[in-house]
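Letter by letter, the chains look like this.
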Amino acid sequence: MITLERLQKLMAHAGIASRRESEKMIEDGRVKVNGKVIREMGFKTDPDKDVIEVDNQIVSVGEEKVYLLLYKPKGYLSTTDDPRGRRTVMDLVDVPQRIYPVGRLDYDTEGLLILTNDGELTYKFTHPSHEVNKVYHALVKGDPTQQTLATLRRGVLLEDGPTAHAQVKQLKKIQGNTLLEIIIHEGRNRQVRRMCKAVGHPVLDLKRVAIGDLTLSNLVPGQYLHISKDRLERAAH
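1. Some thoughts on the overall build of the protein
Along the protein, the regular secondary structure elements total six helices and 17 strands. In the protein, which comprises 237 residues, the proportion classed as buried is 49%. In the protein, once contacts between residues fewer than 6 apart in sequence are set aside, the share between residues at least 24 apart is 63%. With the model as given, the accessible surface of the protein reaches about 12,400 Å², and the carbon-plus-sulfur share is 47%.

2. Points about unusual backbone geometry
Residue asparagine 34 is not a glycine yet carries a positive backbone phi of 55°. By secondary structure assignment, the location of asparagine 34 is in the loop between strand 2 (31-33) and strand 3 (36-37). Not every positive phi belongs to a glycine, and serine 217 is a case in point at roughly 50°. Mapped onto the fold, serine 217 is located in the loop between strand 16 (214-215) and strand 17 (224-226).

3. Considerations on the confidence of the model for the protein
Residue-level pLDDT values for the protein average 90, and 95% of them are 70 or greater. The spread of mean pLDDT over the elements of the protein runs between strand 6 (residues 57-59), the lowest at 76, and strand 14 (residues 177-184), the highest at 98.

4. Topic: the sheet that holds strand 3
The strand order across the open sheet formed by four strands is 3-2-5-6, and the pairing between neighbours is antiparallel. Of all the strands in the sheet, the pair left with one neighbour each is strand 3 and strand 6. Taken together, the three bridges between strand 5 (residues 52-54) and strand 6 define a ladder with antiparallel strand orientation. Bridge assignment links valine 54 to a residue of strand 6, and that residue is glutamine 57.

5. With respect to helix 3 (residues 119-126)
Along helix 3, the residues classified as buried are Gly119, Leu121, Thr122, Lys124 and Phe125. Where helix 3 begins, the side chain of aspartate 118 points an oxygen toward the backbone nitrogen of leucine 121, at a separation of 3.1 Å.

6. A short note on the pattern of salt bridges
It is possible for side chains of opposite charge to pair when their charged atoms get near one another. Under the defined criterion, the tally for this structure stands at 15 salt bridges. A salt bridge links aspartate 82 to arginine 86, with the nearest nitrogen and oxygen atoms 3.0 Å apart. Since its relative accessible area comes to 31%, arginine 86 is described here as partly exposed. For arginine 194, the salt bridge is made with glutamate 159, and the minimal N-O distance between the two is 3.1 Å. With arginine 194 in helix 5 (residues 191-198) and glutamate 159 in the loop between strand 11 (157-158) and strand 12 (161-162), this pair connects stretches of sequence that are 35 residues apart. Here glutamate 159 falls in the exposed class, since its relative accessible area comes to 68%. Salt bridges linked by common partners bring Glu159, Asp160, Glu186, Arg188 and Arg194 together as one network.

7. Quick look at the nonpolar core
Core analysis: the biggest nonpolar cluster contains 29 residues, and Ile182 and Val192 have the highest contact counts within it. Elements with a contribution of two residues or more to this core: strand 7 (67-72), strand 9 (110-116), strand 10 (134-140), helix 4 (146-154), strand 14, helix 5 and strand 15 (203-211). Not counting the four nearest positions on each side in its chain, valine 192 is found in contact with Tyr136, Ala138, Ile182, Ile184, Val203 and Leu206. Within the second largest apolar cluster, 17 residues are counted, among which are Tyr67, Ile114, Leu214 and Leu219.

What counts, and at which threshold
Residues numbered from 1 in each chain as written. Predicted model: local features only at pLDDT ≥ 70, side-chain atom pairs only at ≥ 80, totals over all residues. Heavy atoms only, no water. Helix = DSSP H or I, 4+ residues; strand = E, 2+ residues; numbered from the N terminus. Buried < 20%, exposed > 50% of the residue type's maximum accessible area, 1.4 Å probe, protein only. Contact = heavy atoms within 4.5 Å. Areas by Shrake-Rupley, 256 points an atom, 1.4 Å probe, with all protein chains shown as cover. pLDDT = per-residue confidence, 0-100. Pairing = 2+ DSSP bridges. Polar contact = N/O pair within 3.5 Å; in protein donor to acceptor, adjacent residues only side chain to side chain. Salt bridge = Lys/Arg side-chain N within 4 Å of Asp/Glu carboxyl O. Core = buried A, V, L, I, M, F, W, Y, C linked by side-chain atoms within 4.5 Å.

This is the structure we're talking about:
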């Protein structure tokens, strides 16, 4: 017998948000079931068959929770599938659960990526209010002045608004270019690349080396490891 449950109840049980906050997400058109935006409060769904997305991220409400740390190589999309048939991070992992990446690394960026089917934990790592630091090593063109580095630290005005304060330091010079360590807690699309371009020093190479206190450790590109929820919880604080 198929058991259907109200969408906002399932979202609350999955730890995505409280029931009231889930209802607001539904009203705002942020929730999809099987690819269709749902705005109806009484909508019922089958947690074992239906695919539920919040802000275009798949959430799991019925499966065993799984948590992975992946060293994403360049040339892979941080998504569950691609209509154009390009490689995604899902091609690198082998687990029976329907997992999804927490946040994104763009196609040409490598580094640390979390994958899970735990909506509550995803929220903790991606919502700006939790201010989880993401650490990037960015090789930028040229030699930024101290004034330019100060601008990056204070915040850069982008087309979608000013960035929050960042931690920026120069690591070393490489053949006339500069390797920077940039720490941000926002998760805007291609943010580090856009910040550096805005101050006149476009990124030549980019790697995310840490999320909170989680690091790439001994992983090599394309490799992943299982991690406990408790360990991720600690990293999110």
